[in-house]
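Structural characterization, general
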Amino acid sequence: MIGIYKTIKVSAKEIMQQAAPRNESYHLALSSDIGHAVTCGLKFKLPRVMGAIPEGNESFISGFIAHNVLETATETLGRLWRTSPTPNSQEIMEAWSPYTQQVFADVREKDQGNPESNIERYISQARMRLQGIAGVLHDKMSQDPAPNRIVSEITITNPVTRHEGRIDAIFEYPEYAETVEWKTYSDGGMSAYDRNQTLSNGMLVNYRYGRAEDDFTGNVLTVITPTKAHNPRPTTLGLDAIKEARTYMLRVLDGDRLRTTLPHKMVCGSCSYQSACGFYMGDRVDSDLKKMLWRRRFRVLKKRERTHINKFLAQRLSHEHLTE
């Protein structure tokens with residue numbers, strides 16, 4: 001038995017060495033980062049490479065809470081959709097009530113002991129945004145047929161293009177699929193980031209169903225906000241921008257020294273990385289210590305990329321080799 005075990009162990013190790021050569025990159029470009037990088041490459045580099053922390057995150061707390069509710073409540077949509085007559089927004093909110101109560105309770109528990117807490121205000125805002133999304137869903141359910149299946153909170157990785165994203169929901173129909181993104185971080189319309197991230201995730205959904213990533217003939221893109229359902233169009237210009245940003249990000253992670261194209265100053269005015277960006281843009285110190293710190297940072301990134309190796313092996317190896 002020991003001899004057999006050793007044979008299998010060595011064989012598996014050899015398979016991994018052949019399928020995953022050491023000089024290959026396993027970095028992944030995330031759709032959430034691509035959404036920012038299309039507008040400004042530094043908005044990707046500052047948090048992911050330089051370790052910068054965004055400012056003014058308080059405005060996103062309400063949206064984060066609402067999104068957590070939708071993560072767990074999406075599974076109820078199929079059942080509600082098949083209900084006749086179509087449930088109104090209040091009935092949808094009632095169906096979501098167990099998930100809402102659980103998320104709100106978890107948020108309150110984590111915030112205990114904070115004397116400057118505004119958590120009840122954020123919870124109230126989250127509830128209002130969920131109410132708005134429930135109203136938008138009521139209209140959608142009244143107009144569209146119920147999908148055969150709803151897949152929620154699924155991570156898709158395309159090892160060929162080194163692209164990964166977490167899709168909020170996929171509505172599956174017999175002839176097509178619908179890529180759905182919940183945008184709960186504001187009460188307004190769809191932003192450029194929302195459009196770019198949804199388009200990026202739509203490319204991954206195409207890959208999931210065996211199509212070329214830029215083939216949207218069987219994929220409808222939908223962004224649902226508290227006020228409206230938007231359907232961004234996958235234009236050639238938009239797809240090219242996504243691919244260009246993705247290539248830029250992967251090259252940066254691989255250690256290439258690239259010059260970043262900056263957006264118009266009006267865009268920079270609303271960026272949450274203004275202070276960090278100003279610091280790095282104005283830094284002219286060329287010391288040995290700084291060079292050492294940058295070398296270490298990319299060394300850490302190189303170590304981290306190996307955590308993705310199994311995703312590439314799953315794409316390359318046969319079922320027999322994966323079992324072994």
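To be clear, the structure that these remarks concern was listed above.
The notes below deal with the structure included here. Owing to the predicted nature of the structure, the values given are computational and were not obtained by experimental measurement.

Looking at the overall build of the protein chain
- Secondary structure assignment for the protein chain yields 14 helices and six strands.
- Along the three orthogonal principal directions, the C-alpha set of the protein chain runs to about 60 × 60 × 50 Å.
- In the protein chain, of all internal contacts separated by at least 6 residues, the share reaching a separation of at least 24 is 74%.
- Accessible surface computed for the protein chain: about 18,500 Å², of which carbon and sulfur atoms make up 52%.
- Considering the protein chain, the positive charge centre built from 43 side chains and the negative charge centre built from 38 side chains are found 8 Å apart.

Some details on the pairing of strand β3 (residues 163–172)
- Buried residues dominate β3, accounting for nine of its 10 residues.
- Where strand β1 (residues 29–30) meets β3, two bridges bridge the pair, whose relative direction is parallel. Residue Leu30 lies in a different strand from β3, and its bridge partner there is Glu164.
- Linking strand β2 (residues 149–158) to β3, which pair antiparallel, is a turn of four residues; within it Arg162 sits at a positive phi near 55 degrees.
- Of the pairings in the sheet, the one linking β3 to strand β4 (residues 177–182) comprises four bridges and is antiparallel in character. When the bridges of β4 are listed, Ala169 appears paired with Val180.
- Following β3, the chain reverses through four residues before pairing antiparallel with β4.

A word on the environment of Arg296
- Position of Arg296 relative to the elements: it lies in helix α12 (residues 288–305).
- As for Arg296 and Glu320, which are separated by 24 residues in sequence, their C-alpha atoms are 39 Å apart.

Quick word on the packing of helix α4 (residues 61–73) against helix α6 (residues 89–110)
- Packing of α4 against α6 brings their axes to within 9 Å, and their N-to-C directions diverge by 135 degrees. Our classification of the angle between α4 and α6 gives oblique. Classified by chirality, the crossing of α6 by α4 is right-handed. Residues Ile65, Asn68, Val69, Leu70, Thr72 and Ala73 of α4 form the contact with α6, whose own contacting residues are Trp96, Tyr99, Thr100, Val103, Phe104 and Val107.
- Classifying every residue of the contact of α4 with α6 by side-chain character gives nine nonpolar, three polar and no charged.

Examining the pairing of strand β5 (residues 219–224)
- Counted residue by residue, β5 has five buried out of six residues, so it is predominantly covered.
- Sheet analysis places β4 next to β5, joined by six bridges and oriented parallel. The residue bridging Thr179 from the neighbouring strand is Leu221, located in β5.
- Two elements, β5 and strand β6 (residues 229–230), share two bridges in a ladder whose sense is antiparallel. Bridge pairing in β6 links Ile224 to Ala229.
- The hairpin formed by β5 and β6 contains four residues between the paired strands.

Thoughts on the packing of aromatic side chains
- Tallied over the full model, the rule gives seven aromatic pairs.
- Between Phe60 and Tyr185, the aromatic rings sit 5.7 Å apart at their centres with planes inclined by 65 degrees, giving edge-to-face as the arrangement. One end of the pair, Phe60, is in the loop between α3 (42–48) and α4; the other, Tyr185, is in the loop between β4 and α8 (192–208), and 125 residues separate them in sequence.
- Note on Phe60: relative accessible area 40%, which makes it partly exposed.
- Ring centres 4.6 Å apart and planes at 15 degrees place the aromatic pair Tyr173 and Tyr176 in the stacked group.
- According to the relative accessible area criterion, Tyr176 is partly exposed, its value standing at 32%.

Regarding the side chain of Thr179
- Mapped onto the elements, Thr179 comes out in strand β4.
- At 2.9 Å, the side chain of Thr179 and the side chain of Asn219 are in polar contact.
- Ignoring anything within four residues of it in the chain, the contact list for Thr179 reads Ile167, Ala169, Asn201, Gly202, Val205, Asn219, Val220, Leu221 and Thr222.

A short note on unusual backbone geometry
- Across the junction of Ser84 and Pro85, the peptide omega takes the value 0 degrees, indicating a cis bond.
- One can find Pro85 in the loop between α5 (77–81) and α6.
- For Glu153, which is not glycine, the phi dihedral falls at a positive 50 degrees.
- Along the chain, the position of Glu153 falls in strand β2.

With respect to the layout of surface pockets
- If you add up the space inside the second largest pocket, you get close to 1,100 Å³.
- As for the second largest pocket, its lining consists of 25 residues, of which Lys45, Met50, Arg257, Leu258 and Trp294 are closest to the centre.
- Elements with a minimum of two residues in the lining of the second largest pocket: α3, α11 (274–282) and α12.
- Here the lining of the second largest pocket gets five residues from one element, more than from any other, and that element is α12.
- Residues belonging to the lining of the second largest pocket are distributed by class as follows: 13 nonpolar, two polar and 10 charged.

The rules behind each value
- Residues numbered from 1 in each chain as written.
- Predicted model: local features only at pLDDT ≥ 70, side-chain atom pairs only at ≥ 80, totals over all residues.
- Heavy atoms only, no water.
- Helix = DSSP H or I, 4+ residues; strand = E, 2+ residues; numbered from the N terminus.
- Contact = heavy atoms within 4.5 Å.
- Areas by Shrake-Rupley, 256 points an atom, 1.4 Å probe, with all protein chains shown as cover.
- Lys, Arg positive; Asp, Glu negative; His and termini not counted.
- Charge placed at Lys NZ, Arg CZ, Asp CG, Glu CD.
- Buried < 20%, exposed > 50% of the residue type's maximum accessible area, 1.4 Å probe, protein only.
- Pairing = 2+ DSSP bridges.
- Axes fitted to C-alpha atoms, helices over the stretch in contact; angles between N-to-C directions.
- Parallel < 35°, antiparallel > 145°, perpendicular 65-115°, else oblique.
- Left-handed = near helix turned anticlockwise from the far one by under 90°.
- Nonpolar A, V, L, I, M, F, W, Y, C, P; charged D, E, K, R; others polar.
- Phe/Tyr/Trp six-rings, centres within 6.5 Å; stacked < 30°, edge-to-face > 60°.
- Polar contact = N/O pair within 3.5 Å; in protein donor to acceptor, adjacent residues only side chain to side chain.
- 1 Å grid on protein atoms, 1.4 Å probe; cavity = no way out; pocket = protein on both sides within 12 Å on 5 of 7 lines; lining within 4 Å.
- Points joined across faces, edges and corners; volume = space filled by probe spheres on them.

By themselves, these observations are geometric and do not establish any function.
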